[in-house]
Amino acid sequence: MSLKLELKELLEELKRYFECQKILGLDTIALAREKKKEESSEIYKKELKPPVFREKKTRINVEEQLGIFDKPSKKLTLEEIKEEIGDCTRCKLHQGRTNIVFGEGNPKARLVFVGEGPGAEEDKQARPFVGRAGQLLTKIIAAMGLKRSDVYICNVVKCRPPGNRSPEPDEAGTCEQFLFKQLRAINPDVIVCLGSVAAQSVLRTKEKLGNLRGKFHSYGRAKVRVTYHPAALLRNPGYKKPLWDDMQIVMKEL
Ligand code: SF4
């Protein structure tokens, strides 16, 4: 690649980074305070180093653990999975729902976002991630240079847990079969798990989010990245930067 082209790509990446920072609500950038001349030149030397992402790949072979592909069953289409769910009463979450929130987006998406469950607005509209947290996710997707229709968005449970609580293990355990079928139908390159419920379900683990972030896991042939749920960003803006760092790594995989 020519130097000019590399420089152009670098500038575009920087532009996208600052646009995203703006979208995420960061309007100031902290600069190192100048102390002594020698110290400050050391600071600049350090700051000018390119960021190093220490990628530690952990392979968790979910299919082997689940035995999903031991006896290959018929791969269902998203429409067939929706039909299979039907007017589901398989777990107690059906009691309080208005609508089943199946998921939406590109059925051949290379990138799938998985959340934990629908909230009030999602339950009303029968669409995933359309409330405040969803609007933030839409902005994050736009900052990645994508549209919602380019990716696929769904949740572990398809019915709203009361009071926006997290799904209980029996509810997630009953409903996640449909998520696995959706992932099989879509066959994405990258899955982003938003929050610990999604991560623990997709990766068949009880590990905490903090231990799962910062590395790639695998789900069949797909790479899995774990990050914060956008709702957590609304409560704690300090998560914005680490989430954007995760998304930049995901963008490199697409
Ligand atoms: S959450 Fe899933 S398993 Fe439970 S009732 Fe809704 S669709 Fe059925």
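A. Layout of the overall build of the protein chain. For the protein chain, the helix and strand inventory stands at 11 helices and six strands. Taking all 254 residues of the protein chain together, 33% fall into the buried category. Long-range contacts, defined as pairs at least 24 residues apart, comprise 73% of the intrachain contacts of the protein chain with a sequence gap of at least 6.

B. Quick peek at the site of the ligand. Near the ligand there are 14 residues, and of these Cys88, Cys91, His94, Cys159 and Cys175 occur at the shortest range. By residue class, the composition of the shell around the ligand is eight nonpolar, three polar and three charged.

C. Highlighting helix α6 (residues 132-143). Counted at 1.5 Å a residue, the expected span for α6 with its 12 residues is 16 Å, and the 17 Å between its end C-alpha atoms agrees. Listed in full, the buried residues belonging to α6 are Ala133, Gly134, Leu136, Leu137, Ile140, Ile141 and Ala143.

D. Fine view of unusual backbone geometry. Here Asn187, not a glycine, exhibits a phi torsion of approximately 55°, which is positive. Within the chain, Arg204 stands out as a residue other than glycine whose phi angle is a positive 50°. Counting through the fold element by element, Arg204 comes out in the loop between α8 (196-203) and α9 (209-212). For Arg204, a count of 14 C-beta atoms within 10 Å corresponds to the partly exposed category.

E. Region of interest: the sheet that holds strand β5 (residues 217-219). One open sheet holds the six strands; their spatial order is β1-β3-β2-β4-β6-β5, and the pairing between them is mixed. At either margin of the open sheet sits one strand with a lone partner, and together these are β1 (104-105) and β5. Two elements, strand β2 (residues 111-115) and strand β4 (residues 190-194), share four bridges in a ladder whose sense is parallel. For Val114, the partnering residue across the bridge sits in β4 and is Cys193.

F. Broad picture of the nonpolar core. The biggest cluster of nonpolar side chains holds 48 residues, and the ones touching the most others in it are Val112, Val114, Ile191, Cys193 and Val202. In contact with Val112, other than residues within four places in its own chain, are Val151, Tyr152, Leu183, Ile186, Pro188 and Ile191.

G. Quick look at the confidence of the model for the protein chain. In this model, the protein chain carries an average pLDDT of 84, and 74% of its residues clear a pLDDT of 70 or more. The low-confidence segment residues 31-61, where pLDDT is below 50, has 19 contacts with residues more than four positions distant or belonging to other chains. Contacts for the low-pLDDT stretch residues 63-72, under 50 throughout, to residues beyond four places or in other chains number six contacts.

H. Geometry of helix α11 (residues 240-253). Counted at 1.5 Å a residue, the expected span for α11 with its 14 residues is 20 Å, and the 20 Å between its end C-alpha atoms agrees. The complete set of buried residues in α11 reads Lys240, Leu243 and Trp244. Seen along its axis, α11 keeps its buried residues to an arc of 95°; they face one direction. Among the exposed residues of α11, those oriented more than 90 degrees off its buried face are Lys241 and Lys252.

About the cut-offs
- Residues numbered from 1 in each chain as written.
- Predicted model: local features only at pLDDT ≥ 70, side-chain atom pairs only at ≥ 80, totals over all residues.
- Helix = DSSP H or I, 4+ residues; strand = E, 2+ residues; numbered from the N terminus.
- Buried ≥ 20, exposed ≤ 12 C-beta atoms within 10 Å, placed from the backbone.
- Contact = placed C-beta atoms within 7 Å.
- Near = placed C-beta within 6 Å.
- Nonpolar A, V, L, I, M, F, W, Y, C, P; charged D, E, K, R; others polar.
- Expected span 1.5 Å × (residues − 1).
- Pairing = 2+ DSSP bridges.
- Core = buried A, V, L, I, M, F, W, Y, C linked by C-beta atoms within 7 Å.
- pLDDT = per-residue confidence, 0-100.
- Arc of directions from axis to C-beta.

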